[in-house]
Amino acid sequence: MTRPSQAIIDLGALRHNYLLARRLQDGPTLAVLKANAYGHGSVQCAHALADVADGFAVAFLGEALTLREAGIRQPIVLLEGVFHADELALVQQHQLWTVVHHEAQVRMIEQLNDVHGLRVWLKVDSGMHRVGFRPEQVADAYKRLLCTGKVIDITFMTHFARADEPNSDATEKQLAVFESAIEGLAGGRSICNSAGILEWPEARQGWGRAGIVLYGADPTPYEHALQPVMSLQSEIFAVRTLLPGEALGYGGTFVAEEPVRVGLVAVGYADGYPRRAPNGTPVSIDGQKSQLIGRVSMDMLTVDLTHLPDAGIGSKVELWGKQVDVNAVANAAGTISYELMCNVKRVPLVYQSE
Ligand SMILES: *Cc1c(COP(=O)(O)O)cnc(C)c1O
């Protein structure tokens, strides 16, 4: 018997979520597959979406080449653009669409010979203040790009810092800044990330960029009928009973007050389960609610079976997925679903189509 731990990836749920996002966006929508599709396997996810997705997005060239080598023919946007002028030849050869968010990237296109037919997404900093041209620099960057004769199409994009906060006015402000920055300039648009698609109808213009929504982890406080895609699963491989006063695991962070039945689960922080998850973090055992007790180790963690007399060796454990909301685990561990899913490693990814 091999180690009974795996991440089940439900490709039917992925398609459901993509189609839900696309219906809301009511326009072309990129499926964001950066970081190995948030830990779900970018090639498998791209193939599963290939007949419905208008295009894909990744962070950088290497991620896009992985998809092209796997036979993906749809448009692919490089969300960070290129880091060096050398990359533009491959961008052209593989017909990738590249973000330009910084003056140095304009210069690379200006100075490089033998490149033509580029499709550029020009990034406007509408208030996140991370990457993108300041509003007053946008028209100049736009003109410089068109003047090169190497750019055949420009789409204006911006990115929201706080679209997951329904009560913040930051998103409306960003939208207004974006509108005024591109006023009078011809080109397509792309504004919404997942939270924008889900909760900011006035921002659903042009291309949507659906990331976390694809994977079924809702970034907003509301309910949107998303289906979780990844289920991180394992089994109980040993059971023991703690006597009152005994402390469990590294640091002795859980101390039994009465006899406690402990289940050992074959997943640890080396698999991507967050070490910071405290006592009380939810888990599911044979479909029943339980919780973490004691500190997460590298290769295993410990759960409370005291109230589950039928659970024992071989019982199925879900760390997150259909029964345990990944957001609940992320909240308990002081992080976000994105980080948990991106960090999954060592366990095999097992794909299911229905
Ligand atoms: C990652 C990313 C997205 C997707 O964000 P989600 O919150 O996962 O939907 C959209 N746009 C840009 C520019 C990104 O980098």
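Rules and cut-offs
- Residues numbered from 1 in each chain as written.
- Predicted model: local features only at pLDDT ≥ 70, side-chain atom pairs only at ≥ 80, totals over all residues.
- Heavy atoms only, no water.
- Salt bridge = Lys/Arg side-chain N within 4 Å of Asp/Glu carboxyl O.
- Helix = DSSP H or I, 4+ residues; strand = E, 2+ residues; numbered from the N terminus.
- Buried < 20%, exposed > 50% of the residue type's maximum accessible area, 1.4 Å probe, protein only.
- Near = heavy atom within 4 Å.
- Areas by Shrake-Rupley, 256 points an atom, 1.4 Å probe, with all protein chains shown as cover.
- Nonpolar A, V, L, I, M, F, W, Y, C, P; charged D, E, K, R; others polar.
- Phe/Tyr/Trp six-rings, centres within 6.5 Å; stacked < 30°, edge-to-face > 60°.
- Domains from an automatic or database assignment.
- Contact = heavy atoms within 4.5 Å.
- Buried area = accessible area lost by both parts, 1.4 Å probe.
- Pairing = 2+ DSSP bridges.
- Axes fitted to C-alpha atoms, helices over the stretch in contact; angles between N-to-C directions.
- Core = buried A, V, L, I, M, F, W, Y, C linked by side-chain atoms within 4.5 Å.

S.K.: Explain the pattern of salt bridges to me, and be specific about the residues and the numbers.
M.R.: Taken as a whole, this structure holds 14 salt bridges when the rule is applied. Here Asp 51 and Arg 15 are joined by a salt bridge, their closest N and O atoms 2.7 Å apart. One end of the pair, Asp 51, is in the loop between α3 (42–49) and β3 (55–58); the other, Arg 15, is in helix α1 (residues 11–25), and 36 residues separate them in sequence. Residue classification places Arg 15 among the partly exposed residues on the basis of a relative accessible area of 28%. Between Glu 103 and Arg 144 there is a salt bridge, with its nearest N and O atoms 2.8 Å apart. Separated by 41 residues along the polypeptide, Glu 103 in helix α6 (residues 103–111) and Arg 144 in helix α7 (residues 135–147) bring together distant segments of the chain. A relative accessible area of 30% means that Glu 103 is categorised as partly exposed. Taken together, the salt bridges that share partners define one network made up of Arg 3, Asp 271, Asp 299 and Arg 346.

S.K.: Pulling in residues and values, what's your account of the site of the ligand?
M.R.: In the neighbourhood of the ligand, the contacting residues comprise Lys 34, Tyr 38, Leu 79, Lys 123, Met 157, His 159, Asn 193, Ser 194, Arg 209, Gly 211, Ile 212 and Tyr 338. In isolation the ligand has 390 Å² of accessible area, and contact with the protein removes 91% of it. Taken together, the residues of the shell around the ligand break down into 5 nonpolar, 4 polar and 3 charged.

S.K.: Tell me about the packing of aromatic side chains, and please be specific about residues and values.
M.R.: Under the criterion given, the structure shown has 7 aromatic pairs. Each ring, one from Trp 97 and one from Trp 121, has its centre 6.3 Å from the other, and the planes form 40°; the classification is tilted. Of this pair, Trp 97 sits in strand β5 (residues 97–100) while Trp 121 sits in strand β6 (residues 118–124), placing them 24 residues apart in sequence. In this structure, Trp 97 and Trp 121 share a single accessibility class: buried. Judged by centre distance (6.0 Å) and plane angle (20°), the rings of Tyr 273 and Trp 320 are stacked. Of this pair, Tyr 273 sits in the loop between β13 (260–265) and β14 (282–285) while Trp 320 sits in strand β17 (residues 316–320), placing them 47 residues apart in sequence. The structure contains a cluster of three or more aromatic residues connected by ring pairs, namely Tyr 38, Tyr 215 and Tyr 338.

S.K.: Could you give an account of the domain arrangement of the protein, naming the residues involved and the relevant values?
M.R.: Structurally, the protein comprises domain 1 (11–215) and domain 2 (230–352). On a C-alpha basis, the centres of domain 1 and domain 2 stand 37 Å from each other. Counting residues at the interface gives 11 residues for domain 1, matched by 9 residues for domain 2. Both sides of the domain 1 and domain 2 interface together cover about 900 Å² of buried area, and 65% of this is carbon and sulfur. Looking only at domain 1, the three residues that lose the most surface to domain 2 are Tyr 38, His 40 and Ile 212, adding up to 49% of its buried area. At the junction of domain 1 with domain 2, the criterion picks out 0 salt bridges. Of all the secondary-structure elements, those providing two or more residues to the side of domain 1 that touches domain 2 are α1 and α2 (34–38).

S.K.: Outline the sheet that holds strand β8 (residues 188–190), listing residues and values.
M.R.: Read across the sheet, 8 strands follow the order β8-β7-β6-β5-β4-β3-β2-β9 without closing on themselves; strand pairing throughout is parallel. Unpaired on one side and paired on the other, β8 and β9 (208–210) mark the two borders of the sheet. When strand polarity is set aside, the average angle formed by the axes of neighbouring strands in this sheet is 30°. Packed on one face of the sheet, α7 meets β5, β6 and β7 (151–158) and runs near 160° to β7. Lying on the sheet, helix α8 (residues 170–181) is in contact with β6, β7 and β8; it crosses β7 at an angle near 155°.

S.K.: Can you lay out the environment of Val 239 for me, pointing to particular residues and giving the numbers?
M.R.: Relative to the helices and strands, Val 239 resides in strand β10 (residues 230–242). Judged by its relative accessible area of 31%, Val 239 is partly exposed. With 63 residues separating them along the chain, Val 239 and Thr 302 place their C-alpha atoms 9.4 Å apart. If we ignore the near neighbours within four places in the chain, the residues touching Val 239 are Arg 261, Val 262, Leu 305, Gly 312 and Ile 313.

S.K.: I'd like a description of the nonpolar core, backed by residues and values.
M.R.: The biggest cluster of nonpolar side chains holds 108 residues, and the ones touching the most others in it are Phe 56, Leu 122, Tyr 273 and Trp 320. Viewed by domain, this core spans two of them, domain 1 (11–215) and domain 2 (230–352), each represented by three or more residues. Setting aside its immediate chain neighbours within four residues, Phe 56 contacts Leu 30, Ala 31, Leu 33, Ala 46, Leu 49, Ala 50, Leu 67, Ile 72, Gln 74, Pro 75, Ile 76 and Val 77. Within the second largest apolar cluster, 8 residues are counted, among which are Phe 254, Ala 256, Val 262 and Ile 293.

S.K.: Give me the side chain of Thr 155: which residues, what numbers.
M.R.: Mapped onto the elements, Thr 155 comes out in strand β7. For Thr 155, a relative accessible area of 5% gives the class buried. Beyond its immediate chain neighbours, meaning those up to four positions away, Thr 155 contacts Val 120, Trp 121, Leu 122, Gly 188, Arg 189 and Ser 190.

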